[in-house]
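# A closer look at the structure
Listed here are the chains, written in short residue letters.
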Amino acid sequence: MHPVIRIVCFLRLAGFVAFGGVYELALGFVIVLSVVLFRRLKSIELTVRILKRMRWLFLSILIIYLWFTPGEPIIPIPSDHVPTVEGLKTGLLRVFSLVLIIFAVNYFISSIARNRLVEAIVWLLYPLNWLGIDSRQLALRIALTLELIPRVQQIVLELKQHFVDVDVDKERLRTSALPSVLNRVTMASQLLELLFERIVDEAVKMPTEKIDVSTMQNPQILQWSVPVLLAGLFWGIKSLGL
């Protein structure tokens, strides 16, 4: 499938899943599962690791919806600050939609080669040239950012291990009289400081690399039927009131 078509399909899927309901989420799950089974992709381990690292974000989303969504209390007690059934349903829906989008990114976008990804983004952003924005530079920056994310994640893991193994400041914080929350905030600030220094150091050491961005051929007209069909399926579910 043409890279442009794959990106458009992902954007359609992500949009409907993010702002849809249970049936849109179920349809998105069937589509992503079909792609995984059809292509027999073996990169599910990477997606699982990403989901594990985002577990606190998922928990935060669920807690926010639980306590700040009005509705029927889960626990029938006379209080205005209790989790609600509606909050639980909405929170789980948003968490599962985000999980599905992460899987879709891995299977629709991550498998595209960097040069092809840059060319596809240039193709999609070409109308910005009419506004005086260089679509090639913007596409290249987006692609390089996506490519460097795994390296940044590796740096974070190395710094965390450094804190666990040899960091004297962490032991000092453990034995101090400061509250545990303040200790964690101090450690987080130290981690961010070291992370910034490492990223700058890595950027300076990176070799200069020439990237050729050629003009991508237009997708075949027949392939545009895929995102059109995808949108039609989601709109059909929405119009039927499911």
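Here is a short report on the structure shown in this document. Bear in mind the structure is a predicted one, so any value in this text is a computation, not a measurement. Note on numbering: residues in each chain are counted from 1, in written sequence order. Local features in a predicted model are, by the rule used here, given only for residues with pLDDT of at least 70; side-chain atom pairs are given and counted only at 80 or more, and totals for whole chains, interfaces and linings are based on all residues. Working from all heavy atoms in the structure, the side-chain values ignore hydrogens and water.

## A closer look at the nonpolar core
Core analysis: the biggest nonpolar cluster contains 43 residues, and Ile7, Phe10, Leu13, Val32, Phe108, Leu117 and Phe234 have the highest contact counts within it. Of all the secondary-structure elements, those providing two or more residues to this core are helix H1 (3-19), helix H2 (22-39), helix H4 (55-68), helix H5 (85-108), helix H6 (114-124), helix H7 (135-165) and helix H10 (225-239). Excluding anything up to four places from it in sequence, Leu13 contacts Gly28, Ile31, Val32, Ala104, Phe108, Leu230 and Phe234. Throughout, nonpolar core names a set of buried Ala, Val, Leu, Ile, Met, Phe, Trp, Tyr and Cys residues whose side chains join them through atoms within 4.5 Å. Three exposure classes are used, based on accessible area relative to the maximum for each residue type with a 1.4 Å probe and protein chains only: buried under 20%, partly exposed in between, and exposed over 50%. Put simply, DSSP H or I for four residues or longer makes a helix, DSSP E for two residues or longer makes a strand, and each gets a number counted from the N terminus. In this description, contact between two residues means that some pair of their heavy atoms is separated by no more than 4.5 Å.

## Observations regarding the environment of Leu93
Structurally, Leu93 can be placed in helix H5. In the structure, Leu93 is positioned 72 residues away from Gly21 in sequence and 7.4 Å away in space, judged by C-alpha atoms. Ignoring any residue separated from it by four or fewer positions in sequence, one finds Leu93 in contact with Gly20, Gly21, Val22 and Leu25.

## Quick word on the environment of Phe103
Looking at the secondary structure, you find Phe103 in helix H5. With a relative accessible area of 18%, Phe103 lands in the buried category. For the pair formed by Phe103 and Ile44, sequence separation is 59 residues and the distance between their alpha carbons is 8.3 Å. Apart from the residues within four sequence positions on either side, Phe103 is in contact with Val32, Ile44, Thr47 and Leu51.

## Side note on the side chain of Glu24
Tracing the backbone through its elements, the reader meets Glu24 in helix H2. Glu24 sits in the buried class, given a relative accessible area of 5%. Glu24 has contacts with Phe16, Val17, Phe234, Ile237 and Lys238, leaving out every residue within four places of it along the chain.

## Structural notes on the packing of aromatic side chains
The way to describe two aromatic rings as a pair is by their centre distance and the angle between their planes. The rule is short: rings of Phe, Tyr and Trp, with Trp giving its six-membered ring, pair when the centres are within 6.5 Å, and they are stacked under 30 degrees, edge-to-face over 60, tilted in between. As enumerated under the stated definition, the model contains 4 aromatic pairs in all. Pairing Phe16 with Phe234 gives two aromatic rings, centres 4.8 Å apart and planes at 5°, and the pair type is stacked. Of this pair, Phe16 sits in helix H1 while Phe234 sits in helix H10; the two residues are 218 residues apart in sequence, bridging distant segments of the chain. In this pair, the class of Phe16 matches that of Phe234, namely buried. With a centroid separation of 6.2 Å and an interplanar angle of 85°, the aromatic rings of Tyr126 and Trp130 are classed as edge-to-face. Site record: aromatic cluster; members linked through ring pairs are Phe16, Phe234 and Trp235.

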